[in-house]
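Listed here are the chains, written in short residue letters.
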Amino acid sequence: MARIGNVERITGETKIKLELNLDGSGKCSVKNPIGFFDHMLKSFCKHGMFDLTGELAGDLEVDQHHLIEDTGIVLGQCFAKALGNCAGIFRSGFFIYPMDESLLQASVDFGGRPFCFIDSKLTNIPLVSMGQDGKESSFQTDCFEDFWQGFVNGAKCNLHLDTIRGRSDHHKMEGLFKAAARAIRQAVEIDARRNGEIPSTKGVI
């Protein structure tokens, strides 16, 4: 049975619609107005082998924060829907990803208790990029943590992201997205030895 989650969130600040297939081939087709953020979602899908489709819109004339955080919430909710009661999955995952001069680490547990810790060591200097409309834009690097906090709240998982070392903010963020993707992929994959049981001594996640 396909493990698919779809969520639509409409507020006075954003309109976001996403559909996630946990057992995909790494394809990302999301209408995304923020160039660097689009690059991060594509990297996440490619390395996690998740398929993601949808559309993102928000009040970018105010700030990028609302759109990026709400996208994290919706993506996390898609994971929660696709996983259901988490029966049969490995539940936790860990990965260290090298990105040129940077070394990044991600640890995740889909245990039903949301907690997010991030030590990204970013400079918080915005990155200049091109949007899907061909216009120059910037990415507010302080929104990186807002995305993952939103994801954790939506997915109800425990996530730790750490920059072990690095110089480039681009490499740190991209490496952390890739490390998170690989750790999450490990966690949500089906454990054949578990025979469909819920991975908790409580009997429920």
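Preceding this section is the structure that the text describes.
Remember, predicted model here, so these are calculated numbers, not experimental data.

Asker: I keep staring at the overall build of the protein chain and nothing clicks. Help me out?
Answerer: For the protein chain, the helix and strand inventory stands at four helices and 10 strands. Its helices and strands in sequence order give the protein chain the pattern β-β-β-α-β-α-β-β-β-β-β-α-β-α, from N to C terminus. Its C-alpha atoms give the protein chain a radius of gyration of 16 Å, near enough to 17 Å, the size a compact globule of 205 residues would have. In terms of its C-alpha atoms, the protein chain occupies a principal-axis envelope of roughly 50 × 40 × 30 Å. The contacts of the protein chain with a sequence gap of at least 6 include a subset with a gap of at least 24, amounting to 76%. Looking at the protein chain as shown, the accessible area adds up to about 9,600 Å², and 50% of this sits on carbon and sulfur atoms. Counting 23 positive and 27 negative side-chain charges, the protein chain places the centres of these two groups 7 Å from one another.

Asker: When you look at the pairing of strand β6 (residues 102-109) in this model, what are you seeing that I'm missing?
Answerer: Look at any regular strand and the pattern is simple: side chains alternate between the two faces of the sheet. For β6, a buried count of six out of eight residues is recorded, marking the element as mostly surrounded by other parts of the structure. Where strand β5 (residues 92-99) and β6 come together, eight bridges link them in antiparallel fashion. Across the sheet, residue F94 finds its bridge partner in β6, namely S107. Taking the residues between adjacent antiparallel strands as the criterion, β5 and β6 are bridged by two residues, where D100 takes a positive phi near 55°. Sheet topology places β6 next to strand β10 (residues 158-165); seven bridges connect them, and they run antiparallel. The residue bridging V108 from the neighbouring strand is L159, located in β10.

Asker: Just checking my understanding: could you explain the state of the cysteines for this structure?
Answerer: A disulfide bridge is the covalent bond that connects two cysteines by way of their sulfur atoms. The tally for this structure, following the rule as stated, stands at zero disulfides. For C116, which is in no disulfide, the shortest distance to another cysteine sulfur is to C157 and amounts to 8.0 Å. Among the residues examined, C116 registers a relative accessible area of 15% and is labelled buried. You can see C143 has no disulfide; the closest cysteine sulfur is in C116, sitting 14 Å from it. Relative accessible area serves as the criterion here: at 1%, C143 is assigned to the buried category.

Asker: So what exactly am I meant to see when it comes to the nonpolar core here?
Answerer: A general tendency of soluble globular proteins is for nonpolar side chains to be buried together. Formed by 59 residues in total, the largest nonpolar core has its most connected members in F79, F110, W148 and I184. For this core, the element with the highest residue contribution is helix α4 (residues 169-188), accounting for 10 residues. The residues contacting F79, other than those within four sequence positions of it, are L20, L22, F44, F50, F110, F151, A155, I184 and V188.

Asker: Just to check I follow, could you spell out the pattern of salt bridges for this structure?
Answerer: Between side chains of opposite charge, pairing is possible as soon as their charged atoms come close. Within the structure shown, the criterion is met by nine salt bridges. We note a salt bridge from R9 to D70, for which the minimum N-O separation is 3.4 Å. Of the two residues, R9 sits in strand β1 (residues 4-10) while D70 sits in helix α2 (residues 65-83), which places them 61 residues apart along the sequence.

Asker: Hey, could you run me through the packing of aromatic side chains in this one?
Answerer: Aromatic rings considered in pairs are described by the distance between their centres and by the relative angle of their planes. Taken as a whole and judged by the stated rule, the model has 14 aromatic pairs. Ring plane angle 85° and centroid distance 4.9 Å describe the contact between F147 and W148, whose orientation is recorded as edge-to-face. Taking relative accessible area as the criterion, F147 reaches 1% and is therefore assigned buried. Both rings, one in W148 and one in F151, keep their centres 5.4 Å apart while their planes meet at 75°; by these two values the pair is edge-to-face. With W148 and F151 both in helix α3 (residues 143-155), this residue pair falls three residues apart, about one helical turn.

Asker: Sorry if this is basic, but what is going on with unusual backbone geometry here?
Answerer: In most cases, non-glycine residues show a negative phi, while peptide bonds are predominantly trans. Of note, N124 is a non-glycine position whose phi angle comes to about 65°, a positive value. In this fold, N124 is placed in the loop between β7 (115-119) and β8 (127-130). Overall, the relative accessible area of 47% leaves N124 in the partly exposed class. Located in the positive-phi region is N195, a residue other than glycine, with phi close to 55°. By secondary structure assignment, the location of N195 is in the segment after α4.

Cut-offs and rules
Residues numbered from 1 in each chain as written. Predicted model: local features only at pLDDT ≥ 70, side-chain atom pairs only at ≥ 80, totals over all residues. Heavy atoms only, no water. Helix = DSSP H or I, 4+ residues; strand = E, 2+ residues; numbered from the N terminus. Rg over C-alpha atoms; globule rule 2.2 N^0.38 Å. Contact = heavy atoms within 4.5 Å. Areas by Shrake-Rupley, 256 points an atom, 1.4 Å probe, with all protein chains shown as cover. Lys, Arg positive; Asp, Glu negative; His and termini not counted. Charge placed at Lys NZ, Arg CZ, Asp CG, Glu CD. Buried < 20%, exposed > 50% of the residue type's maximum accessible area, 1.4 Å probe, protein only. Pairing = 2+ DSSP bridges. Disulfide = S-S within 2.5 Å. Core = buried A, V, L, I, M, F, W, Y, C linked by side-chain atoms within 4.5 Å. Salt bridge = Lys/Arg side-chain N within 4 Å of Asp/Glu carboxyl O. Phe/Tyr/Trp six-rings, centres within 6.5 Å; stacked < 30°, edge-to-face > 60°.

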